[in-house]
Amino acid sequence: MKKILKSDNWYLKCGIFITGFILIVILIGQFWTPYDSGYMDGAARLEGPSFAHIFGTDNFGRDILSRVIEGTGTTFLVSFCINLIGLLAGTMIGAAAGYRGGLFDDLLMRICDAITAFPNVMLALVIIAVFGSGDLNIIWVLGILFIPSYARIVRSQFVQQKSCNYVQMAKLMGASPLRIIFVHILPNIYSTLLPAATIGFNNAVLAEASMSFLGVGVSANKPSLGRMLNEAQSFLVGGAPWYAAFVGLAIVLLVMGLSLLGEGLQKEQLRGKK
Amino acid sequence: MKFAAKKLTNLIITVILVSFLTFCAFQVIGDPVARMLGAEATPEKVAQLREELGFNRPVMTRYLEWAGNFLRGDMGISYSYKLPVSDMVIPKLGVTVALTLMAFVMTCVLSITIGLYQVRLKSPAVDRAMTVVNQIVMSIPPFFIGILLTCLFGLVFHLFTPGYYVSFRESPAGFFGYLFFPALSIAIPKISQSVKMLRSRTGEELEKDYIRTAFSRGMNTGAAVNYHALHNAIIPVISFLAVSLAEMLASCIIIEQIFSIPGIGRLMLSSISSRDFTVVLAIVVILVLWVIIVNFIADMIYPLIDPRIKVNR
Amino acid sequence: MLDVKDLRVQFLTSPHKWAVDGVSFHMDEGEMIGIVGESGCGKTVTAMSLSGLLKKKDVRYEGTVKLDGREMLDTDRDNIRNLQGTSLAVVFQEPLSALDPIMKVGPQVEEAIMVHHPEISPEDRKKMAFEAMENSGLYDLENVYESYPHQLSGGMLQRICIAAAIISKPRLLIADEPTTALDVTTQAHILELLKRINREQGTGIIMISHNLAVVNALCSRIIVMKGGKIVEDGPAYQIRNNPRHEYTKQLIAAIPTREKKYR
């Protein structure tokens, strides 16, 4: 902790600070929010920020602050799951492709290239159009779409590490491929994977927010930042711009925290290499 | 030329493969028959309609027929509107393409100008300030930028009227005027990304040995940046810009929603919710074609700007 | 011509250690000096401070370096820049990374002229480049001029670097391990070339190397460095046949010879 505070890596410092702050708010939000996020106060619709409602109220008279806290939690959780699916499956595929090489590797990487050529949100929309937007479909669809980018990173690392002496040594000593992959190589590429995973998380947040903004995110009864922003948009003209502002601010903070964190980690890793 | 030919074959194979897969996906899931008949669907009627629509023939023949028709500009009939899909899609495609190209031109012009300005800056303080601002702008997703621009320029400064789209036929000037801010919302995130990329790449290049060589010949930093570092730094930025043309199309889908522009993205979203699959299929194939062609162009640009890529590999 | 007096260099990242700790020597016009020592002994730092390539914000200097009576250390950047590429030129270790990867090598050869003599027309500049390239033992000049670095071999690239260094007819050429990255045959050719440049053009050369044999083959005078200090400085024959310092003896013993192998 002291090391982080003293370091001159401002990206990492700001990233940890912002993301930490958001995490704490989300955690608190699990137990306590100023109001029940679903409670509708018919007498206080679209009210501006006040002491009672710091962020104001929406068109149903719900407290925006409580909904933003809960929505951030939803977005965070959904993005986390998306990223986790992509990371785990991508690591498996990338490790297998990179370790085995040959036709198998070529084929997998071709498919990955084809998928990454298309923008995530567009592909996700198409798939959701085909399969329908169920409650958790968005997580699976986006999760699968996040696999190729991880697979690529892990593969290239594996190809690099495979020719290293320590792997050759392990092979000579008769270690099984699984042991080499999990015990020898994976711990060595951790430092590359960590920043990549953080940046992937950031992309997942953006993708989730875009999808729920378009109305194809997780189910409507859970507050989610993208969907709230979409609702808030109709009241820009109606004289409640703060609604959109606060929701948007939450998205921006979340994205900024994660991207700074990712970049900070990347800088740290590059420095470690030197 | 060999390079181009090889890439072109790849391109055609990809197009065929992807369009076939999309077609299959929509055939398997998007069977519209039951929905078209609604409550009065009896097994006989369903079978009869399936026969009429030709759903009983093998997928391959239907794909070939569909692809042939598609190439001739016939994209089928919309289930919901009973209109030829091409009549619905093509005018809207024009709007979306105009929006995307506007955004692309803005991105290229502004990111190179701002990027060059920042790279050539003499003052570290201004450089730092620009980096901080850029970092913040980069974190704003395009749809929120759209909302901010609507608020600022639409509601506060009244530079345009949100929601009142002007078609090209009504007034070309009004059309492009209305598209200006949507295009800007698509462009801004890309601009900040590429400015950042140019800045950090130039910084990295300045640490390299060949810059030390340039210094050993008495070059000053400014000249070394202009003469050596920039050329090297701008290559990845140009290819990033070329590829981002594909992503801009995806941003279009969202931005059209915010600024209520009757483009292909809006049509796609409404067709998805009304499960009008002939329309969705047509749009998806068009979008896919767009992405593939853009990537092809990006591949072709690469050897032109980077002599290290061997063209006749 | 070159006067180094009590030169001390310190990197601000390690403020308790002098990378170069009180180096003094004098170099005459057209002399060929070799500086040898193990890696980290300060020979490269010495060379880089002589050529003014260490960034002012990274290092602290003490002492004086005078080239033709002009102070090199305590002067502003512009003065150093006026010397770099005119009286002073540098050849680096890795020819491939020392050249701009996406620029044709021809214009890079001309660069010193372009920087210091913008009044010379591009055609004349090209003529000068061809002359320098020919003097560096390159042939098929038209083709080479239009090549990119990745299309040429290491030996050719090092010749390009040398051509770029001698195009302005410098009085002092600093070669920092110019042959280390090359294979043995090419090494010999490059050393031969440096010797010829010294003989024909009267260019003073400071040759940095960790390899005493290489320096010995080339230079008339050898400076041996260890731990940032000069431990021995004298004519090559004397260093070779009658080394006085223990470290020099070790260095000579480290040169593989036939007799030793069979002993």
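Quick caveat, the model's predicted, so the values are computed rather than measured.

Caption draft 1: Seen up close, the overall build of chain A. A tally of regular secondary structure across chain A gives 10 helices and zero strands. Reading chain A from its N end, one meets helices and strands in the order α-α-α-α-α-α-α-α-α-α. Each principal axis of the C-alpha atoms in chain A carries an extent, and together these give about 75 × 50 × 30 Å. Looking at chain A as a whole, 51% of its 274 residues qualify as buried. In the structure as shown, chain A presents an accessible area of about 13,200 Å², 68% of it carried by carbon and sulfur atoms.

Caption draft 2: Broad picture of the overall build of chain B. Scanning chain B from terminus to terminus reveals 12 helices and zero strands. Taking 2.2 N^0.38 as the reference for a compact globule, 313 residues should give roughly 20 Å; the C-alpha atoms of chain B span a radius of gyration of 24 Å, well beyond that estimate. Seen through its principal axes, chain B has C-alpha atoms that stretch 85 × 55 × 30 Å. Summarising the internal contacts of chain B: among those between residues at least 6 apart in sequence, 72% fall at separations of at least 24. Summed over all atoms, the accessible surface of chain B reaches about 15,000 Å², with 67% contributed by carbon and sulfur. Put simply, chain B has 27 plus and 19 minus side-chain charges, and the middle of one group is 10 Å from the middle of the other.

Caption draft 3: Quick look at the domain arrangement of chain B. Residues and elements named next belong to chain B. The assigned domain composition of chain B is domain 1 (2-71) and domain 2 (87-305). Taken together, the contact between domain 1 and domain 2 spans 15 residues of the former and 17 residues of the latter. Around 1,400 Å² of area is buried between domain 1 and domain 2 when both sides are counted, 88% of it from carbon and sulfur atoms. Three residues, Leu-11, Phe-26 and Phe-70, lead the burial of domain 1 against domain 2; their summed loss comes to 33% of the area buried on that side. At the junction of domain 1 with domain 2, the criterion picks out zero salt bridges.

Caption draft 4: Just the arrangement of the chains, in detail. Here two pairs of chains are in contact, and chains A and B lead that list by number of contacts. Separated without contact, chain A and chain C have their nearest C-alpha atoms at a distance of 14 Å.

Caption draft 5: Representation of the side chain of Asn9(A) within the structure. Residue and element names in this part refer to chain A. The residue Asn-9 is located in the loop between helix H1 (2-6) and helix H2 (10-31) in this model. By relative accessible area, which is 2% here, Asn-9 ends up buried. A distance of 3.1 Å separates a polar atom in the side chain of Asn-9 from the backbone oxygen of Gly-264. Ignoring anything within four residues of it in the chain, the contact list for Asn-9 reads Gly-264, Lys-267, Glu-268 and Arg-271.

Caption draft 6: Region of the structure containing the sheet that holds strand E10 (residues 229-235) of chain C. Residues and elements named next belong to chain C. Read from one edge to the other, the open sheet built from six strands follows the order E6-E7-E8-E3-E9-E10, with strand pairing classed as mixed. The open sheet has two edge strands with one neighbour each: strand E6 (88-91) and E10. For this sheet the average axis-to-axis angle between neighbouring strands, irrespective of direction, equals 15°. Note that strand E9 (residues 221-226) and E10 share six bridges and pair antiparallel.

Caption draft 7: Summary view of the pattern of salt bridges. Throughout the structure, instances matching the rule amount to 25 salt bridges over all chains. Among the salt bridges present, the one from Lys190(B) reaches Glu247(B), with a minimum N-O distance of 2.9 Å. One end of the pair, Lys190(B), is in helix H8 (residues 172-206); the other, Glu247(B), is in helix H10 (residues 221-258), and 57 residues separate them in sequence. A relative accessible area of 38% means that Glu247(B) is categorised as partly exposed. The partner of Arg125(C) in a salt bridge is Glu110(C), and the shortest N-O contact between them spans 3.4 Å. You can see Arg125(C) sitting in helix H4 (residues 122-135) and its partner Glu110(C) sitting in helix H3 (residues 105-116), a full 15 residues away along the chain. For Arg125(C), a relative accessible area of 14% gives the class buried. A network of salt bridges, in which partner residues are shared, links Arg8(C), Asp21(C), Arg60(C), Glu62(C) and Lys229(C).

The rules behind these values
Residues numbered from 1 in each chain as written. Chains lettered and ligands numbered in written order. Predicted model: local features only at pLDDT ≥ 70, side-chain atom pairs only at ≥ 80, totals over all residues. Heavy atoms only, no water. Helix = DSSP H or I, 4+ residues; strand = E, 2+ residues; numbered from the N terminus. Buried < 20%, exposed > 50% of the residue type's maximum accessible area, 1.4 Å probe, protein only. Areas by Shrake-Rupley, 256 points an atom, 1.4 Å probe, with all protein chains shown as cover. Rg over C-alpha atoms; globule rule 2.2 N^0.38 Å. Contact = heavy atoms within 4.5 Å. Lys, Arg positive; Asp, Glu negative; His and termini not counted. Charge placed at Lys NZ, Arg CZ, Asp CG, Glu CD. Domains from an automatic or database assignment. Buried area = accessible area lost by both parts, 1.4 Å probe. Salt bridge = Lys/Arg side-chain N within 4 Å of Asp/Glu carboxyl O. Polar contact = N/O pair within 3.5 Å; in protein donor to acceptor, adjacent residues only side chain to side chain. Pairing = 2+ DSSP bridges. Axes fitted to C-alpha atoms, helices over the stretch in contact; angles between N-to-C directions.

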